[in-house]
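Tertiary structure, described
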Amino acid sequence: MSLLQVGAGLGGFVIAPILVYANSRWDWRMAAVAAAVSIVVVSTPAVIFSRNTPEEIGMEPDGGSRVRIKDTAEIAAIVATGLTIREAMKTKVFWLLTIAMAVFSSTMFTVNLHFVAILVWKGVPEVHAGLVLSVWAFVSIPVVLIAGAFADRFPRAKVAGALVLMTFVGAVMLNLANDSWIYWVAIVPLSGIQGFYPPVWAATVEAYGRKDFGTIRGVITAFMAPIGFLMPDSTGQLFRWRR
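Residues numbered from 1 in each chain as written. Predicted model: local features only at pLDDT ≥ 70, side-chain atom pairs only at ≥ 80, totals over all residues. Heavy atoms only, no water.

Another aspect to go through is the overall build of the chain. For the chain, the helix and strand inventory stands at ten helices and zero strands. In sequence order, the chain lays out its α and β elements as α-α-α-α-α-α-α-α-α-α. For the chain, long-range pairs separated by at least 24 residues make up 71% of all intrachain contacts whose partners lie at least 6 apart in sequence. Summing over all exposed atoms, the chain offers an accessible surface of approximately 15,000 Å²; the carbon and sulfur share of this is 69%. (Helix = DSSP H or I, 4+ residues; strand = E, 2+ residues; numbered from the N terminus. Contact = heavy atoms within 4.5 Å. Areas by Shrake-Rupley, 256 points an atom, 1.4 Å probe, with all protein chains shown as cover.)

Right, here's the structure in full:
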């Protein structure tokens, strides 16, 4: 999962400066259209060639040894272990996880969304702010890989908690900073944002199994969506009101 999450950092490193440049050079609408087209062009082949389970290509989860399973019914029997979504929703852990994910994700989504605007407000040129955003995405790559390695060797909940504290430090630094060099330092602890998700989702699979993992993750994400929708706007309104 950490290797998969690396794609987010790599994409941000490549795409963010391009979009910032397009936004400043032409128009935000054209930048948005270009981003939408690139998503369709890149994502469609990825979806076509993806597989649902590692057993379909003769592998086991988490890089286990190769297996010889050709019968789709046997694969389905292996995967269909764990709790159903209804059983999972009856557990206390499910709701604690949902609340934690909703609060953390909406807060960090707000920071990501307003990151360039925050730096511009602090006097950084827009293109320079986009460069900081791009480097932030690049710095997150080793952080995600290291976090994944730690999550394979230590309790995943504690690793995720350490990443939350790391991100909090970065957010405080970003808020209090007045010198440009501090922004470059702040993006290191802020990179804990990307490293947080792999151990959390891995812990979810560990707790509930793979039987309904897609549905369980989807339901948790659905609860996250309303807060993620309201938080950036309410933060912007609060900033406007305080001014």
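A few words on the packing of helix α6 (residues 126-151) against helix α8 (residues 180-190). Each pair of packed helices can be summarised by the angle the axes make with each other and by the distance between the axes. Packing of α6 against α8 leaves a shortest axis separation of 8 Å and a crossing angle of 35°. The crossing of α6 and α8 is right-handed. Residues H128, L131, V132, V135, W136, V139 and V143 of α6 lie in contact with α8, whose contacting residues are W184, I187, V188 and L190. Here the residues of the contact of α6 with α8 are counted per class, giving ten nonpolar, one polar and no charged. (Axes fitted to C-alpha atoms, helices over the stretch in contact; angles between N-to-C directions. Left-handed = near helix turned anticlockwise from the far one by under 90°. Nonpolar A, V, L, I, M, F, W, Y, C, P; charged D, E, K, R; others polar.)

On to the pattern of salt bridges, then. Side-chain pairs of opposite charge can arise whenever the charged atoms involved come near each other. Applying the stated criterion across every chain, the model contains two salt bridges. Of the charged contacts in the structure, one is a salt bridge between R156 and D152, with a shortest N-O distance of 3.7 Å. Here E206 and R156 are joined by a salt bridge, their closest N and O atoms 3.0 Å apart. Within this pair, whereas E206 is found in helix α9 (residues 192-208), its partner R156 is found in helix α7 (residues 156-176), the two being separated by 50 residues in sequence. Under the relative-accessibility criterion, E206 is labelled exposed at 59%. (Salt bridge = Lys/Arg side-chain N within 4 Å of Asp/Glu carboxyl O. Buried < 20%, exposed > 50% of the residue type's maximum accessible area, 1.4 Å probe, protein only.)

The subject of this paragraph is the layout of surface pockets. Of the pockets and cavities examined, the second largest pocket occupies roughly 850 Å³. For the lining of the second largest pocket, the element with the most residues is helix α5 (residues 92-121), which contributes ten residues. Each residue belonging to the lining of the second largest pocket can be placed in one class, and the counts come to 14 nonpolar, eight polar and three charged. (1 Å grid on protein atoms, 1.4 Å probe; cavity = no way out; pocket = protein on both sides within 12 Å on 5 of 7 lines; lining within 4 Å. Points joined across faces, edges and corners; volume = space filled by probe spheres on them.)

Residue classification places R156 among the buried positions, given a relative accessible area of 17%. A polar side-chain atom of R156 sits 3.0 Å from a polar atom in the side chain of E206. Leave out the neighbours within four places in its chain, and R156 touches A151, P199, A202, A203 and E206. (Polar contact = N/O pair within 3.5 Å; in protein donor to acceptor, adjacent residues only side chain to side chain.)

What follows deals with a nonpolar patch on the surface. Judged by side-chain polarity, V33, V37, V41 and V42 come together as a nonpolar surface patch covering roughly 370 Å² of accessible area. Turning to its location among the elements, V42 is positioned in helix α2 (residues 28-49). (Patch = residues over 30% accessible without salt bridge, like charges linked within 9 Å, V, L, I, M, F, W, Y side chains within 5 Å.)

This part takes up the environment of M231. Take M231: it is sitting in helix α10 (residues 213-242). Taking relative accessible area as the criterion, M231 reaches 27% and is therefore assigned partly exposed. In this structure the C-alpha to C-alpha distance between M231 and T107, which are 124 residues apart in sequence, comes to 6.9 Å. Setting aside its immediate chain neighbours within four residues, M231 contacts S106, T107 and T110.

As a rule of thumb, soluble globular proteins bury nonpolar side chains together. Grouped together as the largest cluster of nonpolar side chains are 34 residues, with contacts concentrated most on M101, F115, L119, W136 and I220. Among the elements that make up this core, the one with the highest residue count is α5 (ten residues). (Core = buried A, V, L, I, M, F, W, Y, C linked by side-chain atoms within 4.5 Å.)

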